[in-house]
Protein chains: 2
Amino acid sequence: MATEARRAIGERSTRQRTAVAAVLQEVDDFRSAQDLHQMLRRKGERVGLATVYRSLRAMADAGDIDILVTADGESLYRRCGQGAGHHHHLVCRGCGLTIEISAPAVERWASTVAVDHGFTDAQHTLDIFGTCQDCVDQEAAQAR
Amino acid sequence: MATEARRAIGERSTRQRTAVAAVLQEVDDFRSAQDLHQMLRRKGERVGLATVYRSLRAMADAGDIDILVTADGESLYRRCGQGAGHHHHLVCRGCGLTIEISAPAVERWASTVAVDHGFTDAQHTLDIFGTCQDCVDQEAAQAR
DNA sequence: GTCTATATTGACAATCGTTCTCAACAATCC
DNA sequence: GGATTGTTGAGAACGATTGTCAATATAGAC
Ligand SMILES: [Zn+2]
Ligand SMILES: [Zn+2]
Ligand SMILES: [Zn+2]
Ligand SMILES: [Zn+2]
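These notes cover the structure that comes with them.

1. Observations concerning the relation of the copies chain A and chain B
Two copies of the chain are present, and they differ by a rotation about an axis and a shift along that axis. Superposition record for chain A on chain B: RMSD 0.1 Å, screw rotation 180°, translation along axis 0.0 Å. Taken together, the rotation and translation relating the two chain copies correspond to the operation of a two-fold axis. When the interface residues of chain A are mapped onto chain B, 100% of them again fall at the interface, so both copies present the same face.

2. What to know about the sheet that holds strand S2 (residues 66-69) of chain A
Residue and element names in this part refer to chain A. Across the sheet, three strands lie side by side as S1-S3-S2; this open sheet has antiparallel pairing. Each edge of the sheet is formed by a strand with only one pairing partner; in this case those strands are strand S1 (31-32) and S2. In this sheet, strand S3 (residues 75-78) lies alongside S2 in antiparallel orientation, the contact comprising four bridges. Considered in S3, the bridge of Asp66 is made with Arg78.

3. Remarks on the sheet that holds strand S6 (residues 120-131) of chain B
Taken in spatial order, the six strands line up as S5(A)-S4(A)-S6(A)-S6(B)-S4(B)-S5(B) in an open sheet, and their pairing is mixed. The sheet terminates laterally at strand S5 (98-101) of chain A together with strand S5 (98-101) of chain B, the two strands that pair on one side only. Here the strands of the sheet are splayed against their neighbours by 20° on average, with no regard to which way each runs. Note that strand S4 (residues 88-92) of chain A and S5 of chain A share four bridges and pair antiparallel. Bridging across to S5 of chain A, His88 of chain A finds its partner in Ile101 of chain A. Sitting on the sheet, helix H5 (residues 133-143) of chain A is in contact with S4 and strand S6 (120-131) of chain A together with S6 of chain B, with an inclination near 30° to S6 of chain A.

4. Examining the protein's contact with DNA strand C
Around DNA strand C sit 23 residues, and of these Glu11, Thr14, Thr51 and Arg54 of chain A together with Tyr53 of chain B come closest. The sugar-phosphate portion of DNA strand C accounts for 66% of its atoms within 4 Å of the protein, the bases making up the rest. Here a phosphate oxygen of DNA strand C and a side-chain polar atom of Arg17 of chain A are 2.8 Å apart. Here Arg46 of chain A contributes a backbone N or O atom positioned 3.2 Å from a phosphate oxygen of DNA strand C. If you tally residues by element for the surface near DNA strand C, the top one is helix H3 (residues 49-61) of chain B, at four residues.

5. Focus on the interface of chain A and chain B
Contacts between chain A and chain B engage 35 residues on the former and 36 residues on the latter. In this assembly, chain A packs against chain B so that about 2,800 Å² is buried in total across both faces, 67% of it on carbon and sulfur atoms. Looking at the side of chain A facing chain B, the largest losses of area belong to Trp109, Phe119 and Ile128 of chain A, adding up to 23% of the total buried there. At the surface where chain A touches chain B, the tally comes to ten residue pairs in polar contact (both at pLDDT 80 or more). Those elements giving two or more residues to the side of chain A that touches chain B turn out to be S4, S5, helix H4 (104-116), S6 and H5 of chain A.

6. Considerations on the coordination of the zinc ion (ligand 4)
Residues and elements named next belong to chain B. At the metal site, the zinc ion (ligand 4) is ligated by His86 (NE2), His88 (NE2), Glu107 (OE), Glu107 (OE) and His124 (NE2), and these contacts range over 1.9 to 2.3 Å. Between the donor residues of the zinc ion (ligand 4), the gaps in sequence give the motif H-x1-H-x18-E-x16-H. Residue Glu107 is found in helix H4 (residues 104-116), and its partner His124 is found in strand S6; the two are separated by 17 residues along the sequence. Take Glu107: its relative accessible area is 22%, and that puts it in the partly exposed class.

Basis of the calculations
Residues numbered from 1 in each chain as written. Chains lettered and ligands numbered in written order. Predicted model: local features only at pLDDT ≥ 70, side-chain atom pairs only at ≥ 80, totals over all residues. Heavy atoms only, no water. Least-squares fit on C-alpha atoms with pLDDT ≥ 70 in both. Contact = heavy atoms within 4.5 Å. Pairing = 2+ DSSP bridges. Helix = DSSP H or I, 4+ residues; strand = E, 2+ residues; numbered from the N terminus. Axes fitted to C-alpha atoms, helices over the stretch in contact; angles between N-to-C directions. Near = heavy atom within 4 Å. Polar contact = N/O pair within 3.5 Å; in protein donor to acceptor, adjacent residues only side chain to side chain. Buried area = accessible area lost by both parts, 1.4 Å probe. Donors = N, O, S within 2.8 Å, 3.2 Å for Na, K, Ca; no water. Buried < 20%, exposed > 50% of the residue type's maximum accessible area, 1.4 Å probe, protein only.

Below is the structure:
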């Protein structure tokens, strides 16, 4: 009988996973898997695209990175403040500038809404999108 | 000279668009475009898949239906309470039961967060996922 | 260090939702 | 009816993501 627990992905430390984690450290906004794969190639790191996807999924499952699904269904990844726990994002549509947001009041509200309607195991997604000051300034400069 | 404004998609009333709108009336939860296409076929309505996608997009652009993007990137569509304006959703992961939520306090909070960080044209996505009472009961019955 | 078991990798195929193409068609207006 | 032009549909194309599986690298035991 297999009493041994099934081991999760991401057990071994490899050059590829280290590289994916490293490239995530270099940026501060949400990036697609293909973006990150390109960045790795430019750095000379040879990592297969499938491995980038696998590493990202493992890191996301482990709670080390956040995933944001765009309106057209693409997944973007970001290394968020470690140990920050649950939080949300304010994201610039122009340049991708991302600000982490905590809102205990909203967390309580979401939990209450679920309970009031008899729902259990409630989770939620909440993201704010807008145009940051820098991008507004740039647009104004171009229009001149 | 073309002084006439470019007309948006959805100008003409066709059998196909009427059919797509009708099938959306028959369900109360979020459905994928392919789901709706299947429903139409079963009803004997002959509508091309591309037309289903086009109709849904037109209706969404017009604000007549809501789109919910799942974690794996699929778009789901739902006819929400007409004239209800901006709102959010509480969705059962099991059966898809959907409840529309209004939360003016959260709207104000989101707007404030954006303004405080210098963001303009702020929008947001907010959805709550859980397991409804019925689905909990069903699970309990099956485990017996 | 060597050996072994097995987790991991990568090139490529495959999948799947969605959009594009464009000739045939049909709604609207005269 | 006829002209105009938005709309349709079958299939190809697309793009992100996942599956395949033989070759490889890692961690641990010896
Ligand atoms: Zn910006
Ligand atoms: Zn939250
Ligand atoms: Zn349910
Ligand atoms: Zn809102």
